[in-house]
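# Structural description and commentary
Next come the chains, spelled out residue by residue.
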Amino acid sequence: MRCTLSACLSFLSPGRSASTSRGKDSAMVQSGRFNVVDQGRSGHNGWKHTGPSMDTYTLGHILKEKSMNDVTVIDSTATLSEAWETLARLKILSAPAVMKRECAANLDKDSDDELEIERFTAAATPIGFIDVESLLAAFLDACPTVSDFDLSNTEQTKKLGQTIQLAANRVKQMKVINAIATDGGVVRLGSSGAGEEGYSLSLRRIINTLFTSTLTDLVHHRVAVLDDTGAVKYIVSQSDLVRFIHKTEETYGSLGDFSLADLRLGSNTVLTIPEKTPTLLAFATLHKQNKSCAGIVNADGQLVANLSKSDLRGISPEGFSQLVYPVSEFLQAKQGDSVVNGGAPTPKYKLFSTNAEDSLANVLTTIIDNGLHRIYVVDGDGRPTAIVTLTDILRLFANH
């Protein structure tokens, strides 16, 4: 068995899936129960910013903004139960999965080839990331088909909850190494603190080579930064990059004055899910369609909530039985009961949206101030027409 950084770290193998796609509920997805509004992929509209900042600012500048707190890592030989417990306890979405040197030696003891991991001197080196999405994928593959149960029947609902819990118990004993996520990259700092893949890597190259790709649809939301020994020193996320760009306004200059419509920023393909959909089926839809989020809509198609893998933060497998309830109830229980505002139910938690005429600068401020990963664009009736993600924003900046 060969286990190299180039094989295990997903940014070096863009078409690899963490698990096989789950097809049990595909008929319900294809039948139109879930609505994908697809008006084509939009892009920027030719607006240019010729400032040098994207090429002048480097990884070193970004790391100066990061604290030196210890990075949480998870042993690749740990069980998924242990991994999920760690993520839930710390209320984080992901962590580097590391392999100890002695484990790497055992894996490749019958091979004459040197493992890449063995070139490092650290006691443990990352082979990828484990995140709630990859854990959820493993769980979904072992889960029952929701459509086989009549959720209008109390006994059937109770039975589904019990069946879900049994599936969670089976998955808990799987090993982390068998559920490595595809979302995550790596960069190594040179021993001198400089070099191409080190502190001097430009912000533009960081975006175009580590977080996105100019040739494929590859997207990473986080990157592990290793020291010269192969140990993880920092985790840099898309949010870190957008926060840094927002703080250094000269990075994007006059682009901030233009509207989302002017820049044609974001995607007009918005996945929406009815609010009464069982939460398990909603997450299965995200997984099947390789989406990180979906807009939750009411019977009139109005946006009422957002569902993303972040909503699994802090939830352990022992709590999976609650996934049987409608997604609106799941979100309300997690983030606060609904209150009535002008005759319409409104969640206590804030749902952030904007319109196509809002400026990029205003959108950036809303995203940064509220720790968002995306913002929906809605029409005058409150129906989602587009979505702007951190990936869209980073690509815009990297191409100007």
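Whatever comes next refers back to the structure up there.
An account of the accompanying structure is given in this report. Here the structure is a predicted model, which means the values were calculated and not measured.

### Quick notes on the nonpolar core
- Among the nonpolar cores identified, the biggest contains 48 residues, and Phe139, Val176 and Leu307 are the most heavily contacted of them.
- When residues of this core are assigned to their parent elements, the largest contribution, six residues, is made by helix α7 (residues 132–141).
- Those residues in contact with Phe139 that lie beyond four places of it in its chain are Ile164, Ala167, Ala168, Val171, Leu280, Phe320 and Leu323.
- Grouped together as the second largest cluster of nonpolar side chains are 41 residues, Tyr57, Ile207, Val223 and Tyr252 included.

### Overview of the sheet that holds strand β3 (residues 94–100)
- A sheet is described by the order of its strands in space; here three strands give the open sequence β2-β3-β4, paired in mixed fashion. Looking along the sheet, the strands with just one partner apiece sit at the ends: β2 (74–75) and β4 (124–131).

### Some details on the sheet that holds strand β13 (residues 353–354)
- Spatial strand order, β13-β14-β15: three strands in an open sheet with mixed pairing. On the outer flanks of this sheet lie β13 and β15 (384–389), each paired with one strand and no other.
- Examined bridge by bridge, strand β14 (residues 374–378) and β15 share five bridges and lie antiparallel to one another. Looking at β15, one finds that Val378 is bridged to Pro384.

### Some thoughts on the packing of helix α9 (residues 203–211) against helix α10 (residues 238–247)
- Two elements in contact, α9 and α10, have axes separated by 12 Å at closest approach and are oriented at 160 degrees. When the axis of α9 is compared with that of α10, the two are roughly antiparallel. The element α9 and its partner α10 pack so that their crossing is left-handed. Contacts from Leu203, Ile206, Ile207 and Phe211 in α9 reach Gln238, Leu241, Phe244 and Ile245 in α10.
- Residues belonging to the contact of α9 with α10 are distributed by class as follows: seven nonpolar, one polar and no charged.

### Looking at the side chain of Ser308
- With respect to the element layout, Ser308 can be found in strand β10 (residues 303–308).
- In this view, Ser308 contacts Phe283, Leu286, Ser292, Cys293 and Arg374; residues no more than four positions away in its chain are not counted.

### A closer look at the pattern of salt bridges
- Evaluation of the coordinates by the stated rule reveals eleven salt bridges.
- Note that Asp131 is salt-bridged to Arg222, the shortest N-O span being 3.5 Å. Residue Asp131 is found in strand β4, and its partner Arg222 is found in strand β6 (residues 222–226); the two are separated by 91 residues along the sequence. Of the two residues, Asp131 and Arg222, both sit in the buried class.
- What you see here is one network of salt bridges that share partners, running through Asp131, Glu133, Asp183, Arg222 and Lys309.

### Let's talk about the pairing of strand β8 (residues 270–274)
- Burial within β8 is extensive, with four of its five residues counted as buried.
- Examined bridge by bridge, β8 and strand β9 (residues 293–297) share three bridges and lie parallel to one another. Paired with Pro274 across the two strands is Val297, which belongs to β9.
- The parallel pair β8 and β9 is bridged by helix α12 (residues 279–288), and the resulting crossover is right-handed.

### A few points about unusual backbone geometry
- Positive phi outside glycine occurs at Lys91, with the angle close to 55 degrees.
- Within the chain, Arg264 stands out as a residue other than glycine whose phi angle is a positive 50 degrees.
- In this fold, Arg264 is placed in the loop between α11 (260–263) and β8.

### Section: the packing of helix α5 (residues 80–90) against α7
- α7 packs onto α5 with a crossing angle of 140 degrees between their chain directions and a minimal axis gap of 11 Å. What the angle tells us is that α5 and α7 run oblique. The handedness of the crossing between α5 and α7 is left-handed. Residues Leu80, Trp84 and Leu87 of α5 form the contact with α7, whose own contacting residues are Val132, Leu135, Leu136 and Ala138.
- Taken together, the residues of the contact of α5 with α7 break down into seven nonpolar, no polar and no charged.

What counts, and where the lines are drawn
Residues numbered from 1 in each chain as written. Predicted model: local features only at pLDDT ≥ 70, side-chain atom pairs only at ≥ 80, totals over all residues. Heavy atoms only, no water. Core = buried A, V, L, I, M, F, W, Y, C linked by side-chain atoms within 4.5 Å. Buried < 20%, exposed > 50% of the residue type's maximum accessible area, 1.4 Å probe, protein only. Helix = DSSP H or I, 4+ residues; strand = E, 2+ residues; numbered from the N terminus. Contact = heavy atoms within 4.5 Å. Pairing = 2+ DSSP bridges. Axes fitted to C-alpha atoms, helices over the stretch in contact; angles between N-to-C directions. Parallel < 35°, antiparallel > 145°, perpendicular 65-115°, else oblique. Left-handed = near helix turned anticlockwise from the far one by under 90°. Nonpolar A, V, L, I, M, F, W, Y, C, P; charged D, E, K, R; others polar. Salt bridge = Lys/Arg side-chain N within 4 Å of Asp/Glu carboxyl O. Right-handed = clockwise from strand over helix to strand, strands pointing away.

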